[in-house]
Amino acid sequence: MKLDTVDAFIVIDLADAPESVGVVRSARKILPGGAQDLARSMTYALASFEMRRSGASAGINAVDADRAQAVADFTAEVAPLVTSGRFLPEPGTRVDRAALGSLAAIDPRSVIGNVADQVTVAGIVAAAEAAAGGLDGRPVAVEGLGGHGSEVAAAVADRGAKVVALTSGDRGVVDRGGFPVDALKAPGDLLGGETSAAEALGESVDVLLAGSKMGAIDHTVAAQLDIEVLVPHGPLPVTARALAVLGRADTTVVPDFIATAGSLFAWWPTGELTPEAITADACGRITASLDEIAGHPDGLFLAAARRAESFLATWQDSLPFGRPLAP
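Residues numbered from 1 in each chain as written. Predicted model: local features only at pLDDT ≥ 70, side-chain atom pairs only at ≥ 80, totals over all residues. Heavy atoms only, no water.

Engineer: In this structure, what is going on with helix H8 (residues 240-248)? I would like to understand it.
Structural biologist: Turning to H8, its buried residues are Ala242, Leu243, Val245 and Leu246. The arc enclosing the buried residues of H8, seen along the axis, measures out at 160°, which places them on a common side. Residues of H8 that are exposed and angled more than 90 degrees away from the buried face: Arg241 and Arg248. For H8, the secondary structure elements touched by its buried residues are helix H7 (219-224), strand S9 (229-232), strand S10 (252-253) and helix H12 (299-312). Just past H8, the residue aspartate 250 takes up positive phi, approximately 60°. (Buried < 20%, exposed > 50% of the residue type's maximum accessible area, 1.4 Å probe, protein only. Helix = DSSP H or I, 4+ residues; strand = E, 2+ residues; numbered from the N terminus. Arc of directions from axis to C-beta. Contact = heavy atoms within 4.5 Å.)

Engineer: Could you clarify how one ought to interpret the nonpolar core in this entry?
Structural biologist: Buried together is how nonpolar side chains tend to be arranged in soluble globular proteins. Counting residues in each nonpolar core, the largest one holds 103 residues, and the members touching the most others are Phe74, Leu209, Val231 and Leu264. Excluding residues within four positions of it along the chain, leucine 209 makes contact with Ile124, Ala128, Val140, Ala141, Val142, Glu143, Val152, Val156, Val231 and His233. In terms of nonpolar packing, the next biggest core, distinct from the first, is built from six residues, Phe9, Val11, Ile30 and Ala39 among them. (Core = buried A, V, L, I, M, F, W, Y, C linked by side-chain atoms within 4.5 Å.)

Engineer: Would you take a moment to explain H12 for this structure?
Structural biologist: Every α-helix winds through 3.6 residues per turn, so residues three or four apart in the chain are directed the same way. Here H12 spans 20 Å end to end across 14 residues, near enough to the 20 Å set by a 1.5 Å rise per residue. Within H12, the full set of buried residues consists of Leu300, Phe301, Ala303, Ala304, Ala305, Arg307, Ala308, Glu309, Phe311 and Leu312. (Expected span 1.5 Å × (residues − 1).)

Engineer: What exactly am I supposed to notice about the layout of surface pockets here?
Structural biologist: Empty space among the atoms can be located by rolling a probe the size of a water molecule over them. Reported here for the largest pocket is a volume of approximately 1,300 Å³. Around the largest pocket, the lining is made up of 47 residues, and of these Gly147, Gly211, His233, Gly234 and Pro235 lie nearest the centre. In terms of residue count, the dominant contributor to the lining of the largest pocket is helix H1 (residues 32-48) (four residues). In the lining of the largest pocket, the residues fall into 18 nonpolar, 19 polar and 10 charged. Volume-wise, the second largest pocket comes out at about 340 Å³. What lines the second largest pocket is a set of 20 residues, among which Thr251, Thr252, Val253, Gly299 and Leu300 lie closest to the centre. Looking at the lining of the second largest pocket, the elements with two or more residues in it are helix H3 (114-132), H8, S10, helix H11 (275-293) and H12. Looking at the lining of the second largest pocket, the element that brings in the most residues is H12, giving four residues. A per-class count over the lining of the second largest pocket returns 11 nonpolar, six polar and three charged. (1 Å grid on protein atoms, 1.4 Å probe; cavity = no way out; pocket = protein on both sides within 12 Å on 5 of 7 lines; lining within 4 Å. Points joined across faces, edges and corners; volume = space filled by probe spheres on them. Nonpolar A, V, L, I, M, F, W, Y, C, P; charged D, E, K, R; others polar.)

Engineer: I would appreciate a short explanation of the pattern of salt bridges in the present structure.
Structural biologist: In a structure, side chains of opposite charge can pair up when their charged atoms sit close to one another. One pass over the structure, following the stated rule, counts 14 salt bridges. Across the pair glutamate 90 and arginine 109 runs a salt bridge, and its minimum N-O distance is 3.0 Å. Taken as a pair, glutamate 90 in strand S4 (residues 88-91) and arginine 109 in the loop between S4 and H3 lie far apart in primary sequence, 19 residues in all. With respect to class, glutamate 90 is no different from arginine 109; both count as buried. Of the charged contacts in the structure, one is a salt bridge between aspartate 206 and arginine 138, with a shortest N-O distance of 2.6 Å. Here aspartate 206 is found in the loop between helix H6 (197-201) and strand S8 (207-210), whereas its partner arginine 138 is found in the loop between H3 and strand S5 (139-143), with 68 residues between them in sequence. (Salt bridge = Lys/Arg side-chain N within 4 Å of Asp/Glu carboxyl O.)

Engineer: I'm lost on the sheet that holds S4 in this one. Help?
Structural biologist: Each strand in a sheet pairs with another by means of backbone hydrogen bonds, the pair being arranged parallel or else antiparallel. Reading across the sheet, the four strands line up as S1-S3-S2-S4 and stay open at both edges, with mixed pairing between neighbours. Each edge of the open sheet is held by one strand with a lone partner, namely strand S1 (8-12) and S4. Neighbour to neighbour, the strand axes of the sheet diverge by 25° on average, direction disregarded. Here strand S2 (residues 20-27) runs beside strand S3 (residues 54-61); their pairing, made up of eight bridges, is parallel. Across the sheet, residue alanine 27 finds its bridge partner in S3, namely asparagine 61. (Pairing = 2+ DSSP bridges. Axes fitted to C-alpha atoms, helices over the stretch in contact; angles between N-to-C directions.)

Engineer: Teacher, can you tell me more about the packing of aromatic side chains here?
Structural biologist: For any pair of aromatic rings, geometry is given as the distance between the ring centres together with the angle between the planes. Per the stated rule, a full pass over the model turns up four aromatic pairs. Summarising the aromatic geometry, the rings of phenylalanine 49 and phenylalanine 265 are spaced 5.0 Å apart at their centres and angled 85° between planes, so their arrangement reads as edge-to-face. Placement of phenylalanine 49 in the loop between H1 and S3 and of phenylalanine 265 in helix H10 (residues 264-267) is noted, with a sequence separation of 216 residues between them. Here tryptophan 267 and tryptophan 268 contribute two aromatic rings whose centre-to-centre distance is 5.7 Å and whose plane-to-plane angle is 90°, an arrangement assigned as edge-to-face. Note on accessibility: tryptophan 267 and tryptophan 268 belong to one class, buried. Among the aromatic residues, those joined into a ring-pair cluster are Tyr44, Phe257 and Phe301. Of note, arginine 53 hangs over the ring of tryptophan 268, and the distance from its end group to the ring centre comes to 4.0 Å. The ring of tryptophan 267 carries arginine 109 above its face, with NZ or CZ at 4.6 Å from the centroid. (Phe/Tyr/Trp six-rings, centres within 6.5 Å; stacked < 30°, edge-to-face > 60°. Lys NZ or Arg CZ within 6 Å of the ring centre and 35° of its normal.)

Dropping the structure here:
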């Protein structure tokens, strides 16, 4: 769906869905293929929890100097789509929540913004605990401190994990004794040394939380990892080839479309609207979702994908082509 007033587009994964939701990103050139991949991940998240909605993703093509006006034009044009639920936007690369603020009042979702973001972080931690059999005392690494990365690092440490390695871009930092929770709340201050991200990711840990960008864990990186469990904290961090490499190493890979699904339960809650109730529901649903397929001989990703596809088949005449993995 190309927009008229700005160089931008929206990808809606399931054309006949009553509602769709996904991120808005901006760069000099946003590629539709990447937007389709992001939309597909959200579609599988919704299907994993039996929600008849579609994933979506938008791209705004603009250079830095023109971005503020481009985003303003975008929000003005999509306002009717937001009111109807046809496209419900979430912040993404170079488009923060404040830039989408004019749409908040007409967004039909129950809870957006900070509470939904906090529930997402809690859900990622719940997924890590479920997949690893607990975090207390377990060595953990966090790849990527943008997005939810820094909040997840502090949250897992608060749950008793020993966060021993962090990366941001091409930089890394390692402390086998574990970083204090307070330091993890402002982790940028830790990344002043000479350790590279590759060196930090080479540390032996029980759990790696990854999510700096799509495809952050490719087959080359995967071959260097010494981990038991990989849990995404952002969309599509694992490539298809990396999933195969990790599978041969008996690494448990949690699907991103389950680990990061916490916000769904804030947007469309089924119980009380307090942050505590929403968080408890999200964490319980994510944990139950993983417990249901734990130990599947084909691994969590394929088991979860097939389960999502079984639900999609109950209301779609044909399944969308391609599963949610980075190329």
